[in-house]
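# Survey of secondary and tertiary structure
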Amino acid sequence: MKFIVFLGLLFVCFTCQSFAQEEDEEEFRGLRIGIVKKPKRCPQETKHGDHLTVKYNASLVDGTLLVPPRNLEFTIGEGSMIQGWDQGLLDMCIGELRELITPSGYAYGELPVGDAIPPKAHLVFYVELLEIKDGQPKPDIFGQVDVNGDGLISHDEVAQYLRKESIPDGDGDKSHQTVINEIFNEEDKDNDGYISLSEFQGFKHEEL
Ligand SMILES: [Ca+2]
Ligand SMILES: [Ca+2]
């Protein structure tokens, strides 16, 4: 979704002109990360799954501005942004400013993007990290399975969950009944036929 938003931001740059890329390809094999400014104090660094707010701009390597400075929120390391951002903005402090010289292989590859970004474009981003929010909380699987909300997961509720998740009800080891039995053998520690919240381990079964 954020990727689309980002593309959208670039698409709005109708006035930008396309420029033929004549750079020496040798120069642009790898992502180059330059630290322009780094604060002295850095209590927290970015890691995969963090939700970041950044201020950035984007240009072609010849200096043509594609996106003037603007703020953007995204989750890093989940492929929602170009690879150059997912890799180039890790271990970053709040207040840090980086220059990412991003070969096309780490950006939009062979294809043009709108009128602004020509095919095989190498891009330069200046990205300042404004805020880090820890990764999104894991989905509440227990709550999703415990549909009647009594704080216990029953056999029937697991069966409903398997159907809802479109897990195939196969033969033998793959049948829903076998999967349910294995889950309860593993997780229903006191053998009362229900999985309580404290017993719940998150369905580590290979089918799920
Ligand atoms: Ca229940
Ligand atoms: Ca139990």
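Every value quoted in this text rests on a predicted model; they were computed, and no experiment measured them.

## Topic: the pairing of strand β1 (residues 32–37)
Counting buried residues along β1, only 0 of its 6 residues qualify, which leaves the element largely exposed. In the sheet, β1 pairs with strand β4 (residues 97–102) via 5 bridges, with the strands oriented antiparallel. By the bridge assignment, Gly-34 is partnered in β4 with Glu-99.

## Here's the deal with the pairing of strand β2 (residues 51–60)
Every second residue of β2 is oriented toward a common face, the buried set being Leu-52, Val-54, Tyr-56, Ala-58 and Leu-60 and the non-buried set His-51, Thr-53, Lys-55, Asn-57 and Ser-59. Summarising the sheet, β2 and strand β3 (residues 65–75) pair through 8 bridges and their orientation is antiparallel. Pairing of Lys-55 across the sheet is with Asn-71, part of β3. Here β2 runs beside strand β5 (residues 123–133); their pairing, made up of 10 bridges, is antiparallel.

## Side note on the UniProt feature "domain: EF-hand" (unreviewed entry) in the protein
Residues annotated by UniProt as "domain: EF-hand" (unreviewed entry) correspond here to residues 140–168 and 175–208. For residues 140–168, helix accounts for 52% and strand for 7%, while the C-alpha atoms at its two ends are 22 Å apart.

## Observations regarding unusual backbone geometry
One non-glycine residue, Lys-120, adopts positive backbone phi at about 55 degrees. With respect to the element layout, Lys-120 can be found in the loop between β4 and β5. The backbone phi angle of Asn-191 is positive, close to 50 degrees, even though this residue is not glycine. Exposure remark for Asn-191: the 8 C-beta atoms within 10 Å place this residue in the exposed category.

## So, the packing of helix α4 (residues 155–164) against helix α5 (residues 176–187)
Axis separation between α4 and α5 bottoms out at 10 Å; the angle between their running directions is 125 degrees. If you check the angle between α4 and α5, you find them oblique. Note on packing geometry: the crossing formed by α4 with α5 is right-handed. For the pair α4 and α5, contact is made by His-155, Val-158, Ala-159 and Leu-162 and by His-176, Val-179, Ile-180, Ile-183 and Phe-184, respectively.

About the criteria used
- Residues numbered from 1 in each chain as written.
- Chains lettered and ligands numbered in written order.
- Predicted model: local features only at pLDDT ≥ 70, side-chain atom pairs only at ≥ 80, totals over all residues.
- Buried ≥ 20, exposed ≤ 12 C-beta atoms within 10 Å, placed from the backbone.
- Helix = DSSP H or I, 4+ residues; strand = E, 2+ residues; numbered from the N terminus.
- Pairing = 2+ DSSP bridges.
- UniProt positions renumbered as here; feature names shortened; annotations may be inferred.
- Axes fitted to C-alpha atoms, helices over the stretch in contact; angles between N-to-C directions.
- Parallel < 35°, antiparallel > 145°, perpendicular 65-115°, else oblique.
- Left-handed = near helix turned anticlockwise from the far one by under 90°.
- Contact = placed C-beta atoms within 7 Å.

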